[in-house]
Amino acid sequence: MKAADDGAWRRELAELRAEFPTFGIIADPARPIWMAVRGNDIFIRASDRFVLRQRLLELARR
């Protein structure tokens, strides 16, 4: 992964954390794994930030 890419995914991670502050969100884009967790009952794993955001939005609409 290039150094320029490193800054981009960190900004994207920060944006997700700001949009969904009640979730713990971590990412390892080199693998690629993006995860969100809240408490003991919600765990979401996705291959990219777009899929993770979509799943979080679906939870918010319930």
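Keep in mind that this is a model prediction, so the values were computed, not measured. (Residues numbered from 1 in each chain as written. Predicted model: local features only at pLDDT ≥ 70, side-chain atom pairs only at ≥ 80, totals over all residues. Heavy atoms only, no water.)

Draft legend 1. Highlighting the overall build of the protein. Of regular secondary structure, the protein possesses two helices and three strands. Starting at the N terminus and walking to the C terminus, you meet the elements of the protein as α-β-β-β-α. Against the 2.2 N^0.38 benchmark of 11 Å for 62 residues, the protein shows a C-alpha radius of gyration of 12 Å, consistent with a compact globule. Projected onto the principal axes, the alpha-carbon positions of the protein cover approximately 40 × 20 × 20 Å. Across the 62 residues that make up the protein, the buried fraction comes to 27%. The contacts of the protein with a sequence gap of at least 6 include a subset with a gap of at least 24, amounting to 23%. (Helix = DSSP H or I, 4+ residues; strand = E, 2+ residues; numbered from the N terminus. Rg over C-alpha atoms; globule rule 2.2 N^0.38 Å. Buried < 20%, exposed > 50% of the residue type's maximum accessible area, 1.4 Å probe, protein only. Contact = heavy atoms within 4.5 Å.)

Draft legend 2. Spatial organisation of the nonpolar core. Counting 15 residues, the largest nonpolar core has Phe-20, Phe-23, Ile-25, Trp-34, Ala-36, Leu-52 and Leu-56 as the members making the most contacts within it. Where this core is concerned, the elements lending two or more residues are α1 (3-19), β1 (24-28), β2 (33-38), β3 (42-46) and α2 (49-61). Setting aside anything within four residues of it in sequence, one finds Phe-23 in contact with Ala-36, Val-37, Arg-38, Ile-42, Leu-56 and Leu-59. (Core = buried A, V, L, I, M, F, W, Y, C linked by side-chain atoms within 4.5 Å.)

Draft legend 3. The arrangement of the sheet that holds β1 in detail. In space, the three strands of this open sheet follow the order β1-β2-β3, with antiparallel pairing throughout. Taken across any chain shown, the strands that pair with only one partner, and hence form the sheet edges, are β1 and β3. The average angle at which neighbouring strand axes cross in this sheet is 10°, direction not considered. (Pairing = 2+ DSSP bridges. Axes fitted to C-alpha atoms, helices over the stretch in contact; angles between N-to-C directions.)

Note that every value here comes from positions in space, so none of it alone points to a role or purpose.
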